[in-house]
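# Structural overview for review
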Amino acid sequence: MINFLRKKHILLLHAGGDSKRVPWANPMGKVFLPLPYLAADDLDGPVPLLFDHILAISSCARQAYNNEGGLFIMTGDVLPCFDASAMVLPEDTSCIITVPITLDIASNHGVIVASKTGNSDEICSVNPVANLLQKPSMEELNRHNAILDDGRTLLDTGIIAVRGKAWEDLVTLSCLSQPMISELVNTRKEMSLYEDLVAAWVPARHEWLRSRPLGEELVTRLGKQTMYSYCAYDLSFLHFGTSSEVLDHLSGIGTRLVGRRHLCSIPATTMSDIAASAIIVSSKISPGVSIGEDSLVYDSSISGGIQIGSLSIVVGVIIPEKNDRTTKDPFTFLLPDRHCLWEVPLIGCTERVIVFCGLHDNPKNPLSKDGTFCGKPWEKVLDDLGIQENDLWISQEKCLWNAKLFPVLPYFEMLSLANWLMGLGNYGKNEGFLSLWQTSKRVSLEELHRSIDFPQMCSTSGNHQADLAAKIARACLTFGLLGRNLAQLCQEILQMKDSGDEICKNFLELCPNLLAQNSKILPKSRAYQVQVDLLRACNKHEETSEVEHQVWAAVADETASAVRYGFKEHLFQSSNQTSFRGQDNNNLDGLEDQTSRHRKVKVELPVRVDFVGGWSDTPPWSLERAGCVLNMAITLDNSLPIGIVIETTQTPGLLITDDASNELYIKDLSSITTPFDQNDPFRLVKSALLVTGILYDRILVSMGLRVKTWAHIPRGSGLGTSSILAAAVVKGLLRITYGDESNENVARLVLVLEQIMGTGGGWQDQIGGLYPGIKFTTSFPGIPLRLQVIPLLASPRLVAELQERLLVVFTGQVRLAHQVLQKVVIRYLQRDNLLISSIKRLAELAKTGREALMNCNIDELGDTMMETWRLHQELDPHCSNEFVDRLFAFADRYCCGYKLVGAGGGGFALLLAKKTESARQLRCALEENREFDVKVYNWSVCLEN
């Protein structure tokens with residue numbers, strides 16, 4: 001078991017620093033992940049902010065771990081932004097990620113003291129950890145030699161990686177952990193996953209750790225390994241230690257990253273006043289609610305009559321409707337500007353305690369040193385309300401943290417007292433409120449921290465989000481255009497153990513209505529995918545498989561409809577069942593006269609390498625959204641590697657041969673029908689006969705065809721071989737029958753051909769092979785689908801430099817693209833937010849790459865390739881593998897950019913060297929290195945076909 005975990009699995013943990021749950025970040029710095037609890041200035045009360053998706057982080061961690069198992073922990077209150085895939089972590093030990101920071105910031109955070117021994121370069125340094133300091137003074141920093149030569153120190157980011165033997169020690173400990181857990185529960189003691197675990201790997205902390213619960217056990221079992229500091233010089237971060245920093249982020253640079261409405265129920269704008277800049281997440285808002293600018297409402301249900309000011313945070317608050325208002329005040333509760341409000345369930349308490357404070361209150365600041373409550377000095381608060389100090393404090397240290405402030409009462413009494421304590425309205429020294437408050441049971445933040453009923457909190461939150469998801473899903477199915485991810489909503493709904501299954505089953509009854517809607521508004525493929533998601537959620541596996549086939553048939557149908565008017569009407573019909581496309585007999589007779597003479601045509605095409613934009617060309621994306629691709633046609637070893645020869649014969653029938661010595665003679669052409677066997681080596685030619693319409697005319701009645709195809713490229717190359725060969729076949733068939741063999745027509749017909757074959761695929765491959773040189777291609781969705789191919793007028797200097805610096809390398813790794821394509825298409829049909837944002841970014845990068853090439857800036861093209869490769873790994877974590885990771889790590893010092901062509905997973909790699917000399921050095925290094933059995937091809941830009 002230990003060996004299995006060590007070799008195969010990476011465990012990703014999210015733990016809290018300083019008793020807070022804090023943000024996760026994609027190590028690539030682009031996607032935020034789930035669920036932080038943040039608080040007002042070191043306040044342990046929860047102020048959460050929801051982000052999404054863990055897919056990309058697992059891919060990056062896999063690379064950083066060199067495809068071996070381990071533990072990856074992210075704690076603390078910073079959001080890190082760095083490229084984890086470029087990290088080279090020490091083996092058989094634990095490692096904490098650090099970054100140099102100024103002393104003023106370090107004094108409020110954890111600091112790592114690294115020994116002087118280790119390895120350093122301009123990118124990072126790796127040294128053993130000598131000590132750990134927490135919010136150190138200048139004297140402590142000096143005493144522990146924690147200040148670096150440049151006057152900074154190492155910030156503890158809370159990111160920890162554990163590999164090899166240290167990981168084995170942890171797995172062994174976990175297998176023996178039940179007695180330890182039982183002892184902690186029985187003695188009601190606490191163990192910090194972060195603080196105690198790290199101390200076990202740092203000898204200077206062993207004495208302190210031995211005084212902690214089970215500390216001796218941790219030292220004995222984990223202390224054999226030494227922790228290292230990995231200082232990443234290019235790491236940047238956002239600090240989320242306080243609620244005000246959260247709001248600053250959301251209203252500033254985070255505006256473009258965070259959706260302002262997510263999983264929420266909001267009334268019509270004429271029945272509420274919700275600022276456009278307010279962020280509503282996992283919440284239900286009733287009519288009659290007001291929410292101010294730049295406020296955050298999370299995991300809450302806000303009833304009518306509630307007014308929330310600007311720059312405020314509301315979390316986990318469930319305010320019920322009040323039907324028996326006795327005052328003329330239109331508001332049940334007012335939360336002023338710059339305030340935080342949340343609810344906490346306590347162990348042994350039926351009521352949820354309402355907690356509140358000012359956004360900038362620091363709960364640890366004492367009354368004597370500028371301590372505040374709701375933004376006002378304590379002296380004024382006490383004087384305004386008539387509260388005595390001994391009503392709040394019994395200890396010498398008097399601060400918000402230990403003030404017995406928050407009453408435990410029936411809900412609306414707590415709300416009224418909250419408005420009174422915040423000093424709102426004309427309450428003043430209200431004896432009634434003061435008496436109610438004094439006689440009630442009250443708790444402090446410190447007591448709340450020790451008494452929170454976390455299982456109840458999680459259960460309430462889960463049910464709340466599941467209920468919201470169910471309502472949103474029903475609205476989508478009943479009224480909407482299915483723009484939401486139903487698969488994701490179903491996962492939320494199924495968290496309701498008692499009723500989740502039944503809700504999903506009821507949704508299935510709405511599916512027939514979806515299929516009856518106008519397909520011009522709601523694509524059938526999307527409607528079928530929703531049905532698949534619901535069936536899968538209900539564990540109806542057999543029915544799921546049946547509807548999955550309808551999904552792909554609908555995609556093929558929609559693609560054909562968008563490419564060629566009327567085409568789909570006879571797309572899947574055999575030749576003896578169709579008309580002759582409206583041609584009269586005289587025209588057909590003329591065509592027969594032309595084709596009765598012996599003819600022979602040959603079509604040879606280059607392959608394509610794609611720089612950026614792939615996936616945006618693929619149906620159904622390209623049928624619904626614009627696509628942009630930058631690619632280039634190339635020859636390999638001074639030849640056009642893909643081709644076809646077609647000639648007519650006097651004998652009717654069809655003879656097909658290929659370069660693998662496969663041969664097939666078809667006498668009765670009416671036998672060519674869909675669907676084709678996936679293992680049929682001739683289905684490409686058969687599909688071409690269908691899409692060109694040749695099988696539906698009488699031109700093959702009195703003559704036959706001999707077809708020979710070849711592709712002198714390794715299988716699974718990623719160079720668009722299948723699509724370009726299909727383009728060659730279609731072009732040859734149209735040429736020999738005097739059809740429309742224009743590149744535009746051929747490119748669109750190949751798009752349909754691939755749907756018939758069942759491989760799917762977009763338009764960029766055939767565009768790459770049909771049109772010479774470097775080109776920027778865009779598609780415009782609609783009927784018909786329109787393509788615009790813009791050749792880049794590359795200067796001879798640019799072409800020469802590209803050919804000198806770009807290495808085209810076959811990795812020897814093979815994977816078929818359609819296996820990846822199906823997963824990506826399904827995620828798009830499901831409206832996966834991460835996938836949609838990633839493909840949008842790829843389309844944007846195609847424009848950036850075009851500008852770079854037009855300006856002869858090849859280095860910038862390298863940057864574009866690097867980001868493209870990162871995005872491909874977000875789309876498909878398996879588009880790389882251990883071999884490819886090692887290849888790219890080996891090439892990194894020579895290159896300014898690299899990626900696999902096509903969908904990845906193997907095939908050819910593009911390695912763009914920093915300079916011409918770097919390219920020569922890299923080529924020699926690859927050819928001499930026995931670790932990489934790769935082939936570097938000679939290539940040239942194909943400037944004419």
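Scroll up a little and you will see the structure.
Residues numbered from 1 in each chain as written. Predicted model: local features only at pLDDT ≥ 70, side-chain atom pairs only at ≥ 80, totals over all residues. Heavy atoms only, no water.

## Examining the sheet that holds strand E43 (residues 935-937)
Here is the rule: When DSSP finds at least two bridges between two strands, those strands are taken to pair. Here a helix means four or more residues in a row that DSSP labels H or I, a strand means two or more in a row labelled E, and each is numbered from the N terminus. With axes taken as lines fitted to C-alpha atoms, and helix axes fitted only over the stretch in contact, angles between N-to-C directions fall between 0 and 180 degrees. We call two residues in contact when some of their heavy atoms are within 4.5 Å.
Sheet architecture is open: four strands sit in the order E41-E42-E40-E43, paired in antiparallel fashion. Bordering the open sheet on either side are strand E41 (895-900) and E43, each of which pairs with just one other strand. Neighbour-to-neighbour, the strand axes of this sheet turn through a mean angle of 25°, independent of strand direction. Against the sheet, helix H28 (residues 796-805) touches strand E40 (806-810), E41 and strand E42 (908-913), its axis set at about 45° to E40. Its contacts with the sheet place helix H32 (residues 882-891) against E41 and E42, and it is angled at close to 165° to E41.

## Observations regarding the environment of Glu-351
How we decide: Each residue is assigned to one of three classes by its accessible area relative to the maximum for its type, calculated with a 1.4 Å probe on protein chains only: buried under 20%, partly exposed between the two thresholds, exposed over 50%.
One can find Glu-351 in the loop between strand E25 (339-345) and strand E26 (352-358). For Glu-351, a relative accessible area of 28% translates into the label partly exposed. Along the chain, Glu-351 and Met-414 lie 63 residues apart, while their C-alpha atoms are 10.0 Å from each other. If sequence neighbours within four positions are ignored, Glu-351 has contacts with Val-408, Leu-409, Pro-410, Tyr-411 and Met-414.

## Observations concerning the environment of Leu-436
Mapped onto the elements of the fold, Leu-436 is located in helix H14 (residues 431-439). Exposure remark for Leu-436: the relative accessible area of 27% places this residue in the partly exposed category. Taking the C-alpha atoms as reference points, Leu-436 and Met-414, 22 residues apart in sequence, are found 10.0 Å from one another. Those residues within four positions of Leu-436 in sequence are excluded, and the remaining contacts are Leu-409, Glu-413 and Leu-417.

## Let's talk about the nonpolar core
Our working definition: The nonpolar core is taken to be a set of buried Ala, Val, Leu, Ile, Met, Phe, Trp, Tyr and Cys residues, with the residues joined through side-chain atoms within 4.5 Å.
Residues Leu-477, Phe-611, Trp-615, Leu-630, Met-632, Leu-654 and Val-730 are the most contacted members of the largest nonpolar core, which totals 141 residues. With ten residues, the single largest contributor to this core is helix H25 (residues 721-736). Not counting the four nearest positions on each side in its chain, Trp-615 is found in contact with Trp-621, Val-820, Leu-821, Val-824, Ile-839, Leu-842, His-872, Leu-875 and Ala-903. Listed in part, the 72 residues of the second largest apolar core include Val-317, Cys-374, Ile-387 and Leu-445.

## A look at the packing of H28 against helix H31 (residues 858-875)
We apply this condition: With respect to orientation, any angle under 35 degrees is reported as roughly parallel, any angle over 145 as roughly antiparallel, any angle of 65 to 115 as roughly perpendicular, and every other angle as oblique. Working rule for handedness: look at the near helix, and if it is turned counterclockwise from the far one by less than a right angle, call the crossing left-handed; if clockwise, right-handed. Three classes are used, and their members are as follows: Ala, Val, Leu, Ile, Met, Phe, Trp, Tyr, Cys and Pro are nonpolar, Asp, Glu, Lys and Arg are charged, and the others, Gly among them, are polar.
H31 packs onto H28 with a crossing angle of 50° between their chain directions and a minimal axis gap of 11 Å. By the angle class used here, H28 and H31 are oblique. Crossing of H28 over H31 shows right-handed handedness. In this structure, H28 uses Leu-798, Glu-801, Leu-802 and Arg-805 to contact H31, whose residues at the interface are Ile-858, Asp-859 and Leu-861. Across the contact of H28 with H31, the residue classes tally to four nonpolar, no polar and three charged.

Taken by themselves, the reported measurements are silent on function.
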